[in-house]
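Okay, here's what each chain looks like letter by letter:
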Amino acid sequence: MTVLRALYDQAKAHPDGMALVAGQDRYSYRRLVTEVERLARALIARGVRQGDRVALHMTNVPEIALACFACFRTGAIAVPLNIRLKTAELQPLLERLRPVLYLGHAQLYAVIEPIAADILPARFVVGGPVTDPRVQPWAMLFEQADAAVSLPEPDAGEPVVLLATSGTTGLPKFVAHSLTTLAIFTEKIMKVVDLDSGQVVIGSAPMVHGSGLFILLSCIYVGAPVFLIERFDAEAVLDAVEAHQGTWMLGLPFMYTGLLEAQKARPRNVRSLRFSVSGGDVCAVELQEEFEACFGIPLRSVWGATETVGSFTYGLQNGPVCRAMPGAEIRLVDESGQPVRRGEAGELLVRGTNLAIGYWKGPGQLDSVAPDGWYHTGDIMRQGEGDDYWFISRKKDLIVRGGSNISPVEVEGVLQAHPAALEAAVVGVPDPVLGQRVAGFVRLKDGVPRTALHDILADAKQRLADYKLPERLTIVSELPRNAQGKVDRKLLLLMAAERPADLVA
């Protein structure tokens, strides 16, 4: 059953069941299907055809969910645009995509306005007026829509959504998914993260990212109501948990750090929470421990990628650990592609039906995500006891000092474990003698003096081999993050080159 079929089945079985809630705006399944059909006919009236790209540039408002399902319904390709990107980053993406339609949010439109009309010919926005004369309000979309127009039957194997990767190795890739792969994803996600119709989901993960979109689709699939948070705000999330008896939420580690700080500053009744999962980046052991002490439930950590979801579920212990799902096809290999022994580090390879259909290159053009049959993740892991897999590092982030491999995750975990540290990150800075040396960045907790760096380094010396120790530490007010919310190690390297360290070992 596809995610589109699931929506219609929910509307038939539970027409008055709640699908989405955004402030005072509530979407039952009946209303959601009605609005999706109306928008699908509006897209056809505007000339949108199967395979055409539709750019979606919105915060977590109901309209982005409507737009995704309307694209699914017509066979158009939904392309969510990261709301953190600036004009210079969006321009090359849109030039490659050549969307026939832009559906955006008024508060985000300033970064779109400089883009030429031949790249974005038709523009509609929600959320208020825009002075650009090329832009029309969302309501104008429906002027030419004809309720009598029959909707096409979409091909379940064709691309219906493109999700941009973070582009850490160059220009972002567009990961293409079909209605079939989305269905496989959602079925697996339900098992991976304990998602069922009894959950009340707090939707703060951006739906322009794979994580937020996949969770939305999974909630529709199982019939769990989603309370949308337009943009992540720790206070708003906690208030929503309290007001709506939220039971389930997903976020990145920095979101949970914010939730901890906000809850400690102004406690809310969060006893309804039953499941919290962290993804997208490494979740520190200390953060998991503090979260459980404060909120009364474990903070689970799970591995996934835009190209594949469902091979792993969350680990049963704290740390960068996950468990292989039954039936998952997983290999760890060395540099020559040979399997490594249990306990040894190797690159993670994944195979199975839960892979994206390809990387979109242009209309009708897809490059395989697994040319040799296996998707090469670029992540280094080791297999522990049973089905446990421990994340070590992104392959490109591994620090090599004097021929010895150093996992940034391990060093960061030690730095963050100190009670004075709120967050930490390390990178390998170039060195003519050793190849690389370890440089660390620390965000201190409020009220902690800068001299605490000496204590943090002294503690690290007791827990790490000398070659793994940061040789310089720098205090930061915030760790730089990329458009996906992950720590931006490229910017950290620039900072290491431009800023003097606060402590040199």
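The preceding data block contains the structure.
Here goes a summary of the coordinates provided. Since we're looking at a predicted model, the values are computed, not measured. (Residues numbered from 1 in each chain as written. Predicted model: local features only at pLDDT ≥ 70, side-chain atom pairs only at ≥ 80, totals over all residues. Heavy atoms only, no water.)

For the coordinates displayed, the defined rule picks out 33 salt bridges. Of the charged contacts in the structure, one is a salt bridge between Arg489 and Asp397, with a shortest N-O distance of 3.4 Å. Residue Arg489 is located in helix α12 (residues 489-498), and its partner Asp397 is located in the loop between β22 (388-394) and β23 (399-401); the two are separated by 92 residues in the primary sequence. Residue Arg489 is classed as buried on the basis of its relative accessible area, which comes to 18%. Within this structure, Glu261, Glu423, Arg443, Glu478 and Arg481 form a network of salt bridges that share partners. (Salt bridge = Lys/Arg side-chain N within 4 Å of Asp/Glu carboxyl O. Helix = DSSP H or I, 4+ residues; strand = E, 2+ residues; numbered from the N terminus. Buried < 20%, exposed > 50% of the residue type's maximum accessible area, 1.4 Å probe, protein only.)

Spatial strand order, β2-β1-β11-β10-β12-β13-β14: seven strands in an open sheet with mixed pairing. The open sheet is flanked by β2 (25-28) and β14 (299-301), the only strands paired with a single partner. Looking at each pair of strands side by side, their axes are set apart by 25 degrees on average, direction ignored. Across two bridges, the pairing between strand β10 (residues 201-203) and strand β12 (residues 248-251) is parallel. (Pairing = 2+ DSSP bridges. Axes fitted to C-alpha atoms, helices over the stretch in contact; angles between N-to-C directions.)

Further remarks concern the nonpolar core. Counting residues in hydrophobic clusters, the biggest one holds 79 residues, and the most contacted among them are Leu32, Leu39, Phe72, Leu103 and Trp248. Beyond its immediate sequence surroundings of up to four residues, Leu39 is in contact with Leu66, Ala67, Ala70, Trp138, Leu141 and Phe142. (Core = buried A, V, L, I, M, F, W, Y, C linked by side-chain atoms within 4.5 Å. Contact = heavy atoms within 4.5 Å.)

This part takes up the packing of helix α5 (residues 179-192) against helix α6 (residues 210-222). Packing of α5 against α6 leaves a shortest axis separation of 9 Å and a crossing angle of 80 degrees. In terms of their interaxial angle, α5 and α6 are classed as roughly perpendicular. In this structure, α5 uses Leu182, Phe185, Thr186, Glu187, Ile189 and Met190 to contact α6, whose residues at the interface are Phe214, Ile215, Leu217, Ser218, Tyr221 and Val222. Per-class residue counts for the contact of α5 with α6 are nine nonpolar, two polar and one charged. (Parallel < 35°, antiparallel > 145°, perpendicular 65-115°, else oblique. Nonpolar A, V, L, I, M, F, W, Y, C, P; charged D, E, K, R; others polar.)

Right, let's get into the pairing of strand β4 (residues 77-80). Residues Ile77 and Val79 point to one face of β4 and Ala78 and Pro80 to the other, with burial holding for every one of them. Both strand β3 (residues 53-57) and β4 contribute to a ladder of four bridges, which runs parallel. Its bridge partner lying in β4, Leu56 is registered against Pro80. For the crossover from β3 across helix α3 (residues 62-74) to β4, the handedness is right-handed. (Right-handed = clockwise from strand over helix to strand, strands pointing away.)

Counting across every chain of the model gives twelve aromatic pairs. When the centroid spacing of 5.0 Å and the interplanar angle of 75 degrees are considered together, the rings of Phe185 and Phe214 count as edge-to-face. With Phe185 in helix α5 and Phe214 in helix α6, the pair connects residues that are 29 residues apart, well separated along the chain. Arranged with centres 5.3 Å apart and planes meeting at 85 degrees, the rings of Tyr256 and Phe291 form a pair that is edge-to-face. (Phe/Tyr/Trp six-rings, centres within 6.5 Å; stacked < 30°, edge-to-face > 60°.)

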